[in-house]
Amino acid sequence: MKDAKKSPGPSAAEKGKGKEGEKKEPREKDPEKMTPKERQRMAKTVRQWRVAVDFLFRHLAVITFRFNVFFVRQLTDFAKAMDAGDELRSQQKRKKSDKPRITSIKTMVETADDLEAAGKTDEAERLRQLADLSGRIRTWGLMANDYHKLITGVIEVETEEDEDNMDRMTSFINGIQSYTNRNYDFSHSKFVHKIDLSEFTEMEKVYLNWPVAVRSALFSASQYMKMASEMTGMTILDENPTPMLTEMQAAEFLMALNLDDALNERNTQDEQQMALLLGSSAADKKKTWRRPVPAEDYEPEIMQPIGLRSLLLQLPKDLPEDSKTKKKKKK
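A brief structural summary. On a predicted model such as this, the values are computed, not experimentally measured, just so you know.

Reading the values: rules and limits
Residues numbered from 1 in each chain as written. Predicted model: local features only at pLDDT ≥ 70, side-chain atom pairs only at ≥ 80, totals over all residues. Heavy atoms only, no water. Axes fitted to C-alpha atoms, helices over the stretch in contact; angles between N-to-C directions. Helix = DSSP H or I, 4+ residues; strand = E, 2+ residues; numbered from the N terminus. Parallel < 35°, antiparallel > 145°, perpendicular 65-115°, else oblique. Left-handed = near helix turned anticlockwise from the far one by under 90°. Contact = heavy atoms within 4.5 Å. Phe/Tyr/Trp six-rings, centres within 6.5 Å; stacked < 30°, edge-to-face > 60°. Buried < 20%, exposed > 50% of the residue type's maximum accessible area, 1.4 Å probe, protein only. Expected span 1.5 Å × (residues − 1). 1 Å grid on protein atoms, 1.4 Å probe; cavity = no way out; pocket = protein on both sides within 12 Å on 5 of 7 lines; lining within 4 Å. Points joined across faces, edges and corners; volume = space filled by probe spheres on them.

1. Quick notes on the packing of helix H5 (residues 160-179) against helix H7 (residues 209-232)
Part 1: Relative to each other, H5 and H7 sit at 155 degrees, their axes nearing to 8 Å. Classified by the interaxial angle, the pair formed by H5 and H7 is roughly antiparallel. The handedness of the crossing between H5 and H7 is left-handed. Taking contact as the criterion, the partners of Asp162, Asn165, Met166, Arg168, Met169, Phe172, Ile173, Gly175, Ile176 and Tyr179 in H5 are, on H7, Ala213, Ser216, Ala217, Ser220, Ala221, Gln223, Tyr224, Met227, Ala228 and Met231.

Okay, structure coming up:
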């Protein structure tokens, strides 16, 4: 039985109307004009946003840093591991439906287990590293979706531009899930831009799409953070990042600073309103903190955020179902 066809949602104009088309009074946006109860309720909401943004941004910076280390320092070893995995799969007896090469993150993990069983532990570790990075940003996307639901219920969508921005935020979250689909074959995906690949070896070029898919997911995640900041007025990096610093390595924190600089186009007026809701000014919240020094010198490429001109994949289409493997029930 087919699902009933869903009716289109209300337009931006219709969202401002109540029952029987009666226009609702818009919520007061200026904290100074809010009632004490309204300010208290909104202040609680803003604090929830701050906690969520801090958590999301910290983990995004960490995953981005770890991915960059992998891409800059271990891409060659990853390509060799993929080649070894493909060779091993071609020699194994498999079902007719199975291809004699790695065709998804799922088969990448399975092949890592086979490589380890064959005594090739280093190769197995390289494949697991990329699969782990893919899984981490995928989980990040699920948590970002929870935050998105939280702010969607509060943000006023009054214009077509607002509606388009909310749709774009949703598309970025969906993009994360697409680029990290465990059953999709990214080996034939096309790049967004024509980029000179002469810096890569021939073997690296063969398997380049797999790490670039993860990079594309990270780019989608950073763009979601940027748009969420613009729509809410909530800064990406807190005025006092000291608590975040205590939970990150020095290099990871520097990546967070670089990422914040790359994404930051702050709406000063919205920030001032946020500060009023929290009962303090932005200046009062700022505290002195020292810029940390990493334990080692990292290549400049490692500390660079992922931008639009980076090597990215086009959004995959016709994605297969990405369901988790069901565990067998114990009899």
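2. Quick word on the packing of aromatic side chains
Part 1: In the structure shown here, the tally under the stated rule is 6 aromatic pairs.
Part 2: Plain terms: the ring middles of Phe71 and Phe200 are 6.1 Å apart, the flat faces sit at 75 degrees to each other, and that makes the pair edge-to-face. Taken as a pair, Phe71 in helix H1 (residues 36-73) and Phe200 in the loop between H5 and helix H6 (202-207) lie far apart in primary sequence, 129 residues in all. An identical accessibility class is assigned to Phe71 and Phe200; each is buried.

3. Here's the deal with helix H9 (residues 250-263)
Part 1: With 14 residues, H9 ought to run about 20 Å at 1.5 Å a step, and its terminal C-alpha atoms sit 20 Å apart, in line with that.
Part 2: A large share of H9 lies buried, amounting to 11 of its 14 residues.
Part 3: Looking at the buried positions of H9, the neighbouring elements they touch are H1, H7 and helix H8 (242-245).

4. Some words on the environment of Glu123
Part 1: Looking at the secondary structure, you find Glu123 in helix H4 (residues 121-152).
Part 2: Residue Glu123 is classed as partly exposed on the basis of its relative accessible area, which comes to 26%.

5. So, empty space enclosed by the protein
Part 1: By the definition in use, this model includes 4 cavities of 30 Å³ or more.
Part 2: Roughly 50 Å³ of internal volume is contained in the second largest cavity.
Part 3: Taken together, Val53, Tyr147, Met225, Ala228, Ser229, Thr232, Met234, Thr235 and Ile236 form the lining of the second largest cavity.
Part 4: Looking at the lining of the second largest cavity element by element, the count peaks at 4 residues for H7.

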